Amino acid sequence: MFTKESPTVQINPCKRILKMPGALCGGISTGSDKIRSGYGNGDCLYFDLEHLVFAVADGTERFPWASRDLLQRLSESLSRSGSPETVSGWKDMMNTEIYAGQKYQHKTTFSAVALRREGEDVFLIIANGGDSVVTVMDGLTGKIRRQTGRNMDFAGRSRQIVDVTEHRVSDPNHRVLLSTDGFDDVWRYYLRQSPAGTTRGVLERIGLDGIGEVISGILEEHRDRFEYDDVGFILLDPGAVERVKGKALIMGGTRPFEEKRYRLQYTPEAYDRWIPDAEWAGQEEMLAGAGIHVLSAGRC
């Protein structure tokens, strides 16, 4: 249920994590080979807390910023016109404004979820192009209820996105995960190391909004023990996420020089702290140095 009082949304610039307590978390981590080779991070996340639209995109090593460009256009479109309420409206927006502007060489995946409430029910409009994935799961059992299939509708290579669907969610235990392909490898590795052993066990022990810190922690603790690609994900409780007026941001899609600066400057001693959304406006330059760009969410 929405509350009259806006919830606190926090960002940790050192760990590149966002969370809304009890409702939402997400983050990016740069792949092991990308770090060694000095590449950018092609994974990019979009959190639009006013329109309740969340998206992930995964660009190539050659053009990692292509994912950020795509999600920036999505943000601009939502700011102008708001979030479409129908599947056909989303297809029209994506194909005429978002996909149409992507250059052929700037190939990237795109997965998005838009939330809409009607009474006690939540409706999800899910759009998916490429090999990133949207998963709807049962938070109590860990069972997958719905999952998008991988396809060839990458932005840049395809002028249209075809896989756009709407789903009604009435079970309060359902959780929604948007993830790039690097997430699965790291999550499976973590489950093999974790005493909980299952997704259900982790959610019970740690809670939804702690998953970002789990991912960051496992990569730091087990650095150089296994190989992984860029990791980008957003995990949310569709019944608990609350609207926060005027708040939207993009995280990731960084160029090599941005990653180099981040690794050199954003040490835990200086930047491992949580910044609430009330302070984002005064910390925009610092957040941008971690590849986190605060945006204007525009009108509702």
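Look up: the structure comes first, before these words.
Residues numbered from 1 in each chain as written. Predicted model: local features only at pLDDT ≥ 70, side-chain atom pairs only at ≥ 80, totals over all residues. Heavy atoms only, no water.

1. Notes on the packing of aromatic side chains
Item 1. Taken as a whole and judged by the stated rule, the model has nine aromatic pairs.
Item 2. Measuring from ring centre to ring centre gives 5.8 Å for Phe183 and Trp187, while their planes differ by 15°; the resulting arrangement is stacked. Of this pair, Phe183 and Trp187 both sit in helix α4 (residues 181-193), four residues apart, which is roughly one turn of that helix.
Item 3. What makes Phe183 buried here is its relative accessible area of 5%.
Item 4. Put simply, the rings of Phe183, Trp187, Tyr190 and Phe233 pair up and form one aromatic cluster.
Item 5. Directly above the ring of Tyr262 sits Arg16, whose terminal nitrogen or CZ lies 3.7 Å from the centroid. (Phe/Tyr/Trp six-rings, centres within 6.5 Å; stacked < 30°, edge-to-face > 60°. Helix = DSSP H or I, 4+ residues; strand = E, 2+ residues; numbered from the N terminus. Buried < 20%, exposed > 50% of the residue type's maximum accessible area, 1.4 Å probe, protein only. Lys NZ or Arg CZ within 6 Å of the ring centre and 35° of its normal.)

2. Examining the side chain of Lys19
Item 1. Tracing the backbone through its elements, the reader meets Lys19 in strand β2 (residues 17-20).
Item 2. Residue class for Lys19 comes out buried when judged on its relative accessible area of 13%.
Item 3. What Lys19 contacts, discounting residues up to four positions off in sequence, is Thr8, Val9, Gln10, Leu24, Cys25, Asp209, Glu213 and Trp274. (Contact = heavy atoms within 4.5 Å.)

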